[in-house]
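Descriptive analysis of the structure
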Amino acid sequence: MSQLDNYAPVGKPALLTVEHLTMRFGGLVAIDDLSFTAHERDITALIGPNGAGKTTVFNCLTGFYKPTVGRITMKREGQDYLLEQMEGFRITRLAGVARTFQNIRLFSGMTVFENLIVAQHNHLMNASMFSIAGLLGLPRYRSAEKEAIELAKFWLHKTGLYERADNPASSLPYGAQRRLEIARAMCTKPRLLCLDEPAAGLNPKESGELNDLLLSIRTDQGIGVLLIEHDMSVVMKISDHVVVLDYGRKISDGAPYDVRNDENVIKAYLGEDEDEDLPPEIAADVGMQP
Amino acid sequence: MMDYFLQQLINGLTLGAVYGLIAIGYTMVYGIIGMINFAHGEIFMIGSFISLISFLILSSIGAFSAVFAILIVLLVTMIFTAVFGWSVERIAYRPLRDSFKLAPLISAIGMSIFLQSFVQVFQGARPKPLQPIMHGGIKLLEHDGFAVQISYLQIIIILLTVGLMIGFTAVIQQTPLGRSQRACEQDRTMAALLGVNVDRTISLTFVMGAALAAVAGLMFTLYYGVIDFFIGFLAGVKAFTAAVLGGIGSLPGAMLGGVLIGLIEAFWSAYFSIAYKDVAVFMVLVLVLIFRPTGLLGRPEVEKV
Amino acid sequence: MAGFKTAALPREGLSGAFLSALATAVVVLVLTIPTVGLKTDESGGSLIVTRHFDTVAWLVGLAFVGRLVMSLFMARRAVKPGEQKKAGPSAMDRFAAAVARNGTKIGAVGLVIAVLLPFVTSNYLIDFGTNVLIYVMLGWGLNIVVGLAGLLDLGYVAFYAVGAYTVALLATNVGLGFWACLPLAGLFAAAFGVVLGFPVLRLRGDYLAIVTLGFGEIIRLVLLNWQNVTNGPNGIGGIPRPTLFGLPFAAHSATGPTFAEFFGLEFSPSQRFIFLYFVILALALLTNFFTIRMRRLPVGRAWEALREDEIACRAIGINATNIKLSAFAIGAMFAGFAGSFFATRLGFISPESFTFTESATILAIVVLGGMGSQLGVVLAAIMLVSLNEAGRWFSFLGDIALYRPLIYGGAMVVIMLVRPRGLLAHRQPSILLHGSDGPKESLVPNDGLAASTGELP
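Glancing now at the overall build of chain A. For chain A, the count of helices and strands is 12 helices and 10 strands. Against the 2.2 N^0.38 benchmark of 19 Å for 290 residues, chain A shows a C-alpha radius of gyration of 20 Å, consistent with a compact globule. The principal-axis extents of the C-alpha atoms in chain A amount to approximately 70 × 40 × 40 Å. Residue burial in chain A is summarised as follows: out of 290 residues, 49% are buried. Sequence separation of 24 or more characterises 66% of the internal contacts of chain A that already satisfy a separation of 6 or more.

Shown next, in the form of structure tokens:
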């Protein structure tokens, strides 16, 4: 049995290192001794069958769960942050990890634009000196607000939401809500962007636009992306690095091409004996030649 | 010393039985629709008024044996109060099940104020006394002129509560209704898909909760001999504290919490200060919610993201 | 989950409406027979039951007619099969939106009326206006907590009490004047807010509600029982009235000139009424100004974001506890200011003024007017205070103050059923990219926020 664990990109230092991560809920082991590394300027995809523990990994990374065992190290500007010891909001604020949610969580009564301004809360809060500078309208706060507006505008253009900036977030169509959630995460100025199934529910056109957006975030912004995704066409097309989970364990880890030919992965997705009877569309989905 | 302690223990248990019965209503409703039924204390208060009125009517008709009178009043009170429980859910909660998160809470508070004021307007604000229905008791101990006594009334209250608890647990565990209830607690959508009549199940939960609160109201009327339109507020908060202390959502927890709160109140009044007995109970509520929000027998909630 | 709501489907036609009205009438009959029809009355030292079945008949009849009218009304509005249901905003939504858009203008007109009121009316109306303004201020303060931050606080009156007792104790024991006490009262109430809020603000919404209720009662019971300091149920009297830069509003003063003497006016008690009126008007305006400003600052936006989705807030790096705490403390501070005014206005306070009923009244004002709507609070405060006085204005209404809780309790339920965000609820964005005439879609439907729950089901 080969277990791929051989991804070592040149010139891209490690950004996020997960070591021996284990998460138990009572008797249930959701993640079992998982180790992997996400690199700078890389799109790392975390894939696996339903219930493999992918979202649980995200929740551990972003402080919603405290892992039972393990260490999660995030590098930012030469400093190491141990995420498993930090409160959720500090992980975003200090370590620069931003995330989206599987079932979109927007501030739905607020406008699209407000969503992006709120995301720059910490920066603006410092500038407003606990609201005092803000209440008095000091220049220091005004210039910070201007910058925040510019950043928000940048991401509105980037995600094609500029025209709808003053609409309530809840009035956007589904695909636009997904993009807004990504824009909101980017407005926190992260080093690592964690996306939980961003392509779920998108049509092929939207899915293609999403690919472009993610590639641009990686290449133009130089930000690491960690991605949970079921849509293999997205995964295979844009990721640089794929980590495969099954029942909370890592079963494969490598470049997309290597992973998709790994027998462990094929087995996990299709079961032991069914390789031969593979329906063509599923085979295409996992990237196998029938 | 020991006698005094024993006497307080008996008093506390009696009080605890009353709180426990109300607490079950909170815990069941919370279990099934995940909201605090703020109006539940008022349902209890209405139960106590209906029982008072029934007693007065019975005594004006003529002589009944005390036990027989209590049984009749019990039945009448449970039925009428249950209709109140049903109506409250139907009017104030059901239409708001999918509304924004503060709406059902505010509606419940409005309902509570409404019911309290309703009784005040139509029954008057003065305290309502009731002549004792039942006298006497059993002397358990006598020592230096201090007797530890358990009154017949206390015996009836405790026995009735234990009986109701047993019957009730059987209903939840063994009948189709109980199964539907547990199904709705787990996942309302799925239960509906599998053919459980969710609306009816929730209605019946309110009806059962109200019927138990009615029993508690009856006991309160008999035990204290005086009621007013305001008793639902304090009793409601205390019973809610009991439900949280026991672990909200857990039936045995509600009963355990009720008994503990009854004992805390009795002993606090006896040994510390009667003026601050309510403060003591409120402090318990605050401390439990801060340090152990799942209560003694509750299951921890895992936050889903 | 929406798909499984068995909406109260209007049964077809007139006979269906009749049947459901009949069913309602029967339920009301069962509800009212023991509670209304049989009334306990005192007679010669013991209770007797008197019969009032005429009232029952009235109530049952009312329920029958009411339900019938409602069914017919709903049937008229119901969508005919095959016809697309229009999801457009209702008339009330449009009205609320128009009010919100013209908020500044309406506010300015209101302000002019409020400033002129004392000069054109009687002492009675000035007193009435002062009462309204106290509730307006409390409503605006609570609106920060409930309307903006979405934290249901059922013990708001506790901070009102802290403010009032701070003034009473400082004035009678230390000899400070009202103006020296005022900021201290606000600070002290805010400190109470922080101390009480810190441990409990992590709790879910409904737990928070009941804990705040508990705190409110604890504070009241302590005030009631801590005889040495608070004088228990007898309360504290002799609280000094506010002065205008040291000029008292009295006929004579031993320490210096009075207001009337200084300005060469003839003394009249209404001068004091007017002065008090302007003090509370200024305090209320301060609250309003502060709230409007805060909404456009990071903290204010974070309050609203928190109300929308707490988990998302954490994911963008907002420290939810601190933000909640700031809302709680600021709300408490304004209650403290209002409390200090209350103390100095009456010159006497006792725990009786700080019961749960008072908290419920303030909450009702916020809820009825429209959570987050400053004008809505004013409207609701006027309605509620008028309800107290209506019996005096229209003698045929009788002792309507007795029915006050009945009315606003019922109104809270009804408003939640028909307009869950309150009468004038309409959210204006705190910042616009395209300006007010930029491209915009139709307004948010009133329950547009329904889908978001900060907590999990």
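Of the regular secondary structure elements, chain C holds 17 helices and two strands. Within chain C, buried positions represent 46% of all 457 residues. Partitioning the intrachain contacts of chain C with sequence separation of at least 6 by distance along the chain shows that 74% fall at a separation of at least 24.

Okay, the sheet that holds strand S7 (residues 192-196) of chain A next. All names here are of chain A. The strand order across the open sheet built from six strands is S6-S7-S8-S3-S9-S10, with neighbouring strands paired in mixed fashion. Two strands in the sheet have a free side with no partner beyond their single neighbour: strand S6 (97-99) and strand S10 (249-254). Within this sheet the neighbouring strands show an average axis-to-axis angle of 20°, counted without direction. Bridging between strand S3 (residues 43-47) and strand S8 (residues 224-228) involves four bridges; their strand directions are parallel. Its bridge partner being in S8, threonine 44 is matched across the sheet by leucine 226. Against the sheet, helix H8 (residues 204-219) touches S3, S7 and S8, its axis set at about 145° to S8.

Our next topic: the interface of chain B and chain C. Contact residues are listed per partner, giving 61 residues for chain B and 58 residues for chain C. Counting only elements with at least two residues in the side of chain B that touches chain C, the list comes to helix H2 (40-61), helix H3 (66-93), helix H4 (102-123), strand S1 (128-129), helix H7 (188-193), helix H8 (198-224), helix H9 (231-246) and helix H11 (277-291) of chain B. It is H4(B) that contributes the most residues to the side of chain B that touches chain C, 16 residues altogether. Class assignment of the residues belonging to the side of chain B that touches chain C gives a composition of 44 nonpolar, eight polar and nine charged.

Residues and elements named next belong to chain A. The strand order across the open sheet formed by four strands is S2-S1-S4-S5, and the pairing between neighbours is antiparallel. Only two strands of the sheet have a single partner each, and these edge strands are strand S2 (28-39) and strand S5 (79-82). Averaged over all pairs of adjacent strands, the angle between strand axes in this sheet comes to 20°, irrespective of strand direction. Pairing geometry for strand S1 (residues 14-25) and strand S4 (residues 69-76), over five bridges, is antiparallel. Paired with glutamate 19 across the two strands is arginine 71, which belongs to S4. Contacting S1, S2 and S4, helix H1 (residues 54-61) crosses the sheet at an angle of about 70° to S2.

Residues and elements named next belong to chain C. Contact geometry of helix H6 (residues 157-174) with helix H8 (residues 205-225) gives a least axis separation of 8 Å together with a crossing angle of 30°. With respect to each other, H6 and H8 are oriented roughly parallel. Facing H6, whose interface residues are Val157, Ala158, Ala161 and Tyr165, H8 presents Phe215, Gly216, Ile219, Arg220 and Leu223. A class-by-class count of the residues in the contact of H6 with H8 yields seven nonpolar, one polar and one charged.

What follows is about the nonpolar core. Note on soluble globular proteins: their nonpolar side chains tend to be buried together. In this structure, Met137(C), Ile280(C), Ala338(C) and Met412(C) are the most contacted members of the largest nonpolar core, which totals 318 residues. Among the elements that line this core, the one with the most residues is H8(B), at 16 residues.

Attention now moves to the pairing of S4(A). Residues and elements named next belong to chain A. Of the strand pairs in this sheet, S4 and S5 are connected by four bridges, and their pairing is antiparallel. What sits directly across from lysine 75, in S5, is aspartate 80. Linking S4 back to S5 in an antiparallel pair, the connection comprises two residues, with glutamate 77 at a positive phi of about 45°.

Attention now moves to the interface of chain A and chain C. The partner chain C presents 36 residues to the 35 residues of chain A that form the contact. Elements that contribute at least two residues to the side of chain A that touches chain C include exactly helix H2 (88-95), helix H3 (112-118), helix H4 (121-127) and helix H5 (132-136) of chain A. Taken together, the residues of the side of chain A that touches chain C sort by class into 13 nonpolar, 15 polar and seven charged.

Take the domain arrangement of chain A next. All names here are of chain A. Segmentation of chain A into domains returns domain 1 (1-96 + 192-197 + 225-290) and domain 2 (100-189). Computed from C-alpha atoms alone, the centre-to-centre distance between domain 1 and domain 2 is 29 Å. Counting from both sides, the interface comprises seven residues of domain 1 and, opposite them, eight residues of domain 2. When contributions to the side of domain 1 that touches domain 2 are tallied by element, the ones reaching two or more residues are H2 and S7. The dominant element in the side of domain 1 that touches domain 2, judged by the number of residues it contributes, is S7, at three residues.

Turning our attention to the environment of Ala127(A). Residue and element names in this part refer to chain A. When you line up the elements, alanine 127 lands in helix H4. C-alpha separation for the pair alanine 127 and valine 259, spaced 132 residues apart in sequence, amounts to 47 Å. Apart from residues lying up to four places away in sequence, alanine 127 is in contact with Ala133, Arg140, Tyr141 and Ala144.

Residue and element names in this part refer to chain C. Two elements in contact, helix H5 (residues 123-148) and helix H11 (residues 269-295), have axes separated by 9 Å at closest approach and are oriented at 20°. Here H11 runs roughly parallel to H5, going by the angle between their axes. The hand of the H5/H11 crossing is left-handed.

With that settled, consider the confidence of the model for chain A. In this model, chain A carries a mean pLDDT of 86, and residues with pLDDT of at least 70 account for 91%. Mean pLDDT across the elements of chain A bottoms out in helix H12 (residues 280-285) of chain A (57) and peaks in H3(A) (94).

Given 3.6 residues per turn, any residue in an α-helix points the same way as the ones three and four places further on. With 15 residues, H11(B) should cover 21 Å at 1.5 Å per step; its first-to-last C-alpha distance of 21 Å lies within 8% of that length. Buried residues of H11(B): Asp278(B), Val279(B), Val281(B), Phe282(B), Val284(B), Leu285(B), Val286(B), Val288(B) and Leu289(B), and no others. Packed against the buried residues of H11(B) are H9 and helix H10 (251-271) of chain B together with helix H7 (178-200) and H8 of chain C.

The next subject is the environment of Gly205(C). Residue and element names in this part refer to chain C. If you trace the backbone, glycine 205 turns up in helix H8. For glycine 205, a count of 18 C-beta atoms within 10 Å corresponds to the partly exposed category. Taking the C-alpha atoms as reference, glycine 205 lies 9.3 Å from aspartate 153; in sequence the two are 52 residues apart.

For the rest of this paragraph, the subject is unusual backbone geometry. Residue and element names in this part refer to chain A. Of note, the phi angle at lysine 189 is positive, near 55°, even though the residue is not glycine. Mapping lysine 189 onto the fold places it in the loop between helix H7 (174-186) and S7. Taking the number of C-beta atoms within 10 Å as the measure of exposure, lysine 189 has 17 and is therefore partly exposed.

Okay, the confidence of the model for chain C next. All names here are of chain C. Residues with a pLDDT of 70 or more make up 89% of chain C, whose mean pLDDT is 83. Note that pLDDT drops below 50 for residues 1-10; the model gives that stretch 16 contacts with residues more than four away or on any other chain. Scored by ipTM, the complex comes to 0.88, with pTM at 0.85.

Bringing the environment of Ala268(A) into the picture now. All names here are of chain A. One can find alanine 268 in helix H11 (residues 263-270). Classification of alanine 268 as buried rests on a count of 21 C-beta atoms within 10 Å. Apart from the residues lying within four places of it in its own chain, the contact partners of alanine 268 are Pro49, Val244, Asp246 and Ile251.

Further remarks concern helix H15 (residues 356-369) of chain C. Residue and element names in this part refer to chain C. The terminal C-alpha atoms of H15, which comprises 14 residues, lie 20 Å apart, in line with the 20 Å expected from a rise of 1.5 Å per residue. Most of H15 is tucked away, with 13 of its 14 residues classed as buried. Glycine 370 sits one or two residues past H15 and shows a positive phi near 130°.

Rules behind the numbers
- Residues numbered from 1 in each chain as written.
- Chains lettered and ligands numbered in written order.
- Predicted model: local features only at pLDDT ≥ 70, side-chain atom pairs only at ≥ 80, totals over all residues.
- Helix = DSSP H or I, 4+ residues; strand = E, 2+ residues; numbered from the N terminus.
- Rg over C-alpha atoms; globule rule 2.2 N^0.38 Å.
- Buried ≥ 20, exposed ≤ 12 C-beta atoms within 10 Å, placed from the backbone.
- Contact = placed C-beta atoms within 7 Å.
- Pairing = 2+ DSSP bridges.
- Axes fitted to C-alpha atoms, helices over the stretch in contact; angles between N-to-C directions.
- Nonpolar A, V, L, I, M, F, W, Y, C, P; charged D, E, K, R; others polar.
- Parallel < 35°, antiparallel > 145°, perpendicular 65-115°, else oblique.
- Core = buried A, V, L, I, M, F, W, Y, C linked by C-beta atoms within 7 Å.
- Domains from an automatic or database assignment.
- Left-handed = near helix turned anticlockwise from the far one by under 90°.
- pLDDT = per-residue confidence, 0-100.
- Expected span 1.5 Å × (residues − 1).

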